[in-house]
Amino acid sequence: MGMKFACLTSLLVLVGLGLVSCGTSSSSNVVAGTGLLYVTTQGNESISVWGIALATGVITTNGNAVATGNTPVAVVSAGTAVFVANKQDNTISSYTVNTDGTLTASGSAVTAGTTPVAMAVDSGGKILYVANQGDFADPASGTISVFGIQGTTLSQSGSVSTATPGVLSGTGPVSLAITSNGNYLYVANQFTNTVSAYSVNSGALTLVPGSPYPVGTTPSAVSLTPDGNLLYVANEGSNNVSAFTACTSATLSCVTPDGHLTSAPGSPFGVGLGPVSMAVESDSQGEYLYVADYNSSQVSQFKVATQTGVLTALSTPTISTGANPTAVVVRAGSGTLLSTGGTSYYVFTSNATAGTISSFTYDSTTGVLGLIGTGNPTTTAGQPSAMTVR
């Protein structure tokens, strides 16, 4: 059965705590039947590796933690490299993925913009985009840095200001999502309650006409469906998710792709308290959206209407996590067919206050989450902040 895995990009911005994660391709296994979960922790400023048993979803530690910079808040994977954004020292750390999935620090960290809090990698693994939140009082400080990727080496090729003409405050870019074809980049702007759309040409960004688009209060995360035709924005302040159709590829409703957004019917959709991260997953059985609600310590779960973007709460609309989840990611299982005709997927949340990882599974025919096994949640070092999967 053909399956697709979506990247999700997420953010929480609190005093002294900024948290981001993005799930990556599920097709790169170090050992047959084994996936990888990378988790940054702010308590000891490090990144650790966990193995995922793809037949069960059970996670186990895999090697020692490796140091990051000051306050790691975002992590992404690209080929045989992993990159971590460090919020307080304005840097990006690079790591080599070893054959057993463990990490080795690679060279010195590179400098990003002011307060890097989110990252996204194009599907080819060649370009890294970094959202630099900047300062509310400085319109010029909010930027998108663009880096070329060669192995673990980053070379900055550009920086784009997100300032809005005539607005005296910063925009606060905090989350990024790029389409699988690499043609469009979407950015959540926390200070102005908007989402910006950019067309992409060899990494160069051009604002799409009509952009930015209004969303709810304090947008914290933005996520695209695997086909790039639907966009979701988690609004931390208004406790809802804004939904859009995105004109990114030719369809009956998008004759000439240009990246523009159209609000979905019924948008926004209510979630729990303080939504800060999202993960969307799709296969032939259905498409589902999972939202980490920081203040209510739960995941809200929805079925996605693939043509319109409308969200419908699942039969069990929420499930509890550890205290204050900051990131949520999805990993496809081994592909073994279940009695229902579906396959297993696994969902993980990093729970900052609890210092744990919660592990869930779902059947692709229903999407409803259930806890995995015993010993769940799993204890981590203090303040797990960001995650990505391979």
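This text follows the structure it describes.
Residues numbered from 1 in each chain as written. Predicted model: local features only at pLDDT ≥ 70, side-chain atom pairs only at ≥ 80, totals over all residues. Heavy atoms only, no water.

## Description of the side chain of Gln298
Part 1 of the reasoning: Along the chain, Gln298 turns up in strand E30 (residues 298–304).
Part 2 of the reasoning: For Gln298, a relative accessible area of 16% translates into the label buried.
Part 3 of the reasoning: Each residue touching Gln298, except ones within four places of it in the same chain, is listed here: Gly272, Val291, Ala292, Asp293, Thr318, Ile319, Ser320, Thr321 and Pro325. (Helix = DSSP H or I, 4+ residues; strand = E, 2+ residues; numbered from the N terminus. Buried < 20%, exposed > 50% of the residue type's maximum accessible area, 1.4 Å probe, protein only. Contact = heavy atoms within 4.5 Å.)

## Examining the state of the cysteines
Part 1 of the reasoning: Within the structure shown, the criterion is met by one disulfide.
Part 2 of the reasoning: One disulfide in the model links Cys247 with Cys254; its S-S distance is 1.9 Å. Judged by the sign of its S-S torsion, about 80°, the bond between Cys247 and Cys254 is right-handed. Accessibility assignment for this pair places Cys247 and Cys254 in one class, buried. (Disulfide = S-S within 2.5 Å.)

## A short note on the sheet that holds strand E17 (residues 153–161)
Part 1 of the reasoning: The four strands lie next to each other as E14-E15-E16-E17, forming an open sheet whose pairing is antiparallel. Both outer strands of the open sheet, strand E14 (116–121) and E17, are each paired with one neighbouring strand and no more. Each neighbouring strand pair of the sheet contributes to a mean axis angle of 25°, computed without reference to strand direction.
Part 2 of the reasoning: The pairing of strand E15 (residues 127–132) with strand E16 (residues 143–150) spans six bridges and is classified as antiparallel. Following the sheet pairing, Leu128 is matched in E16 by Phe147. (Pairing = 2+ DSSP bridges. Axes fitted to C-alpha atoms, helices over the stretch in contact; angles between N-to-C directions.)

## A word on the environment of Met387
Part 1 of the reasoning: Of note, Met387 is situated in strand E37 (residues 384–389).
Part 2 of the reasoning: Owing to a relative accessible area of 0%, Met387 belongs among the buried residues under this scheme.
Part 3 of the reasoning: Expressed as a C-alpha distance, the spacing of Met387 and Cys254, which sit 133 residues apart in the sequence, is 33 Å.

## Things to note about the nonpolar core
Part 1 of the reasoning: Residues Phe83, Ile92, Met119, Leu128, Tyr186, Val195 and Leu231 are the most contacted members of the largest nonpolar core, which totals 35 residues.
Part 2 of the reasoning: Considering each element in turn, this core owes the most residues, four residues, to strand E9 (residues 72–78). (Core = buried A, V, L, I, M, F, W, Y, C linked by side-chain atoms within 4.5 Å.)

## Looking at unusual backbone geometry
Part 1 of the reasoning: Omega for the bond connecting Ser211 with Pro212 falls within 30 degrees of zero, at 5°, which places this linkage in the cis form.
Part 2 of the reasoning: Looking at where Pro212 falls in the secondary structure, it is placed in the loop between strand E21 (204–207) and strand E22 (213–214).
Part 3 of the reasoning: The omega torsion across Ser267 and Pro268 is 5°, close enough to zero to call that bond cis.
Part 4 of the reasoning: Mapped onto the elements, Pro268 comes out in the loop between strand E26 (261–263) and strand E27 (269–270).
Part 5 of the reasoning: Of note in the backbone geometry, Thr71 takes a positive phi value of approximately 60° without being a glycine.

## Points about the packing of aromatic side chains
Part 1 of the reasoning: This structure, assessed with the given rule, holds four aromatic pairs.
Part 2 of the reasoning: Consider the rings of Phe136 and Phe191, whose centres lie 5.5 Å apart with planes at 75°: the pair is edge-to-face. One end of the pair, Phe136, is in the loop between E15 and E16; the other, Phe191, is in the loop between strand E19 (184–189) and strand E20 (194–201), and 55 residues separate them in sequence.
Part 3 of the reasoning: An angle of 70° between the planes, with centres 5.7 Å apart, marks the rings of Tyr288 and Tyr362 as edge-to-face. Taken together, the residues span a long stretch of sequence, with Tyr288 in strand E29 (residues 286–293) and Tyr362 in strand E34 (residues 356–363) at a distance of 74 residues.
Part 4 of the reasoning: Its relative accessible area of 1% is what places Tyr288 among the buried residues.
Part 5 of the reasoning: Relative accessible area serves as the criterion here: at 2%, Tyr362 is assigned to the buried category.
Part 6 of the reasoning: Here a set of aromatic residues connected by ring pairs shows up, and it is made of Tyr288, Tyr290, Tyr345 and Tyr362. (Phe/Tyr/Trp six-rings, centres within 6.5 Å; stacked < 30°, edge-to-face > 60°.)

## Digging into the pairing of strand E33 (residues 344–351)
Part 1 of the reasoning: Across the eight residues that make up E33, a large majority, eight, are buried.
Part 2 of the reasoning: Burial along E33 is two-sided: the face carrying Ser344, Tyr346, Phe348 and Ser350 and the face carrying Tyr345, Val347, Thr349 and Asn351 are both buried.
Part 3 of the reasoning: Two elements, strand E32 (residues 325–332) and E33, share seven bridges in a ladder whose sense is antiparallel. Pairing of Val329 across the sheet is with Phe348, part of E33.
Part 4 of the reasoning: Strand direction decides the pairing type here: E33 and E34, joined by eight bridges, are antiparallel. In the sheet register, Ser344 faces E34, and the bridge partner there is Asp363.
Part 5 of the reasoning: Linking two consecutive strands that pair antiparallel, namely E33 and E34, is a turn of four residues; a positive phi of about 65° is found at Gly355 within it.

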